[in-house]
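# Coordinate analysis (summary)
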Amino acid sequence: MIILLPADWYNVLKVQTEQTHFKELIANLEKQYTTSTILPEKHNIFRAFQLTPFEQVKVVILGQDPYHGIGQANGLSFSVNRGMKIPPSLRNIYKELQQDVGCQIPDHGDLSNWAKQGVLLLNTSLTVEEGKPNSHQHIGWQEFTNTVIEQISERKESVVFILWGKNALSRQNLINTNRHRIVHAPHPSPLAAHRGFFESNPFSQTNKYLQLHYQQTIEWCNL
């Protein structure tokens, strides 16, 4: 059985999750898990919300959809579990992390310590079929995750939204930029990173904004 949202997020997203289309999405996924290889594992679909309570959200890093290789997706955008090979996009994120704020490049791809500091590692689609990237972009996730972004924008103050690539940037109209900060750059994938992702300084930009608005900064090196 799919483990749904924790109570705090459910209260924020109650109207959305009680819609017929969301219930149909979950029912459809339950069936797909029995007939196809769907990633991540059921209990990790809403892991980003489990690790980052609504009240603690200070930063949102928006990805597209989970990694589509067996064992890679763990419910957090751009993250893989310890012991898994670090994917190319995350390797580039680590290179920029080192260039920007001087962190030593980790030997693993687990970003859960960021999530526990208030960084919501959200994908626009929360599931994918093995070997078929973006295969679940039209099954109903977009409406749900758009609502997540809208609710953060409406209910919170001074959140940094890190939008990498065109897919993420297409959500900028959901964010009230009078109350929040958008940090954007090309996607960190090898195909796009050299077009402006490197030396875009997203991590230091984020901490400067948080500090300016009297919030505790993110210890980006704490992985």
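Refer to the structure presented above.
Here is what the cut-offs are and how they apply
- Residue positions are counted from 1 within each chain, in the order its sequence is given.
- With pLDDT at 70 or above as the cut-off, local features in this predicted model cover only qualifying residues; side-chain atom pairs require 80 or more to be listed or tallied, and sums for whole chains, interfaces and linings still use all residues.
- Excluding hydrogens and water, the side-chain figures rest on all heavy atoms present in the structure.
- For every residue, the accessible area (1.4 Å probe, protein chains only) is compared with the maximum for its type, and the residue is labelled buried under 20%, exposed over 50%, or partly exposed between those bounds.
- A helix here means a DSSP run of H or I that spans at least four residues, while a strand means a run of E at least two residues long, and both kinds are numbered starting from the N terminus.
- Should DSSP find at least two bridges between two strands, the strands are regarded as paired.
- Here a cavity means grid points, on a 1 Å grid over the protein atoms only, where a 1.4 Å probe fits yet cannot get out; a pocket means an open set of points with protein on both sides within 12 Å along at least five of seven lines; lining residues are those with an atom within 4 Å of a point.
- Grid points are joined across faces, edges and corners, and a volume is the space filled by probe spheres set on the points.
- Just so you know the grouping, Ala, Val, Leu, Ile, Met, Phe, Trp, Tyr, Cys and Pro go in nonpolar, Asp, Glu, Lys and Arg go in charged, and all remaining residues, Gly too, go in polar.
- Axis geometry follows a simple rule: fit a line to the C-alpha atoms, using only the stretch in contact for helices, then measure angles between N-to-C directions, giving values from 0 to 180 degrees.
- By definition in these notes, contact holds between two residues if any of their heavy atoms fall within 4.5 Å.

Buried residues dominate strand 3 (residues 119-123), accounting for five of its five residues. Neither face of strand 3 is open: one carries Val-119, Leu-121 and Asn-123, the other Leu-120 and Leu-122, and all of them are buried. Here strand 2 (residues 59-63) pairs with strand 3 via five bridges, running parallel. From the neighbouring strand, Gly-63 faces strand 3, where its bridge partner is Asn-123.

What follows is about the layout of surface pockets. Counted as a void, the largest pocket has a volume near 510 Å³. Along the walls of the largest pocket sit 26 residues, with Gln-64, Asp-65, Tyr-67, Ser-89 and His-187 positioned nearest its centre. When residues of the lining of the largest pocket are traced back to their parent elements, those giving at least two are helix 4 (88-101) and helix 7 (165-169). In terms of residue count, helix 7 provides more of the lining of the largest pocket than any other element does, three residues in total. Among the residues forming the lining of the largest pocket, the class breakdown is 10 nonpolar, 14 polar and two charged.

Across the sheet, which stays open at both edges, the four strands sit in the order 3-2-5-6 with parallel pairing between neighbours. Only two strands of the sheet have a single neighbouring strand rather than two, namely strand 3 and strand 6 (181-185). Strand-to-strand twist in this sheet, taken as the mean axis angle between neighbours without regard to direction, amounts to 20 degrees. Here helix 6 (residues 141-155) sits on the sheet and contacts strand 2, strand 3 and strand 5 (160-164); the angle it forms with strand 3, its principal contact strand, is near 155 degrees.

That is the geometry; function is a separate question.
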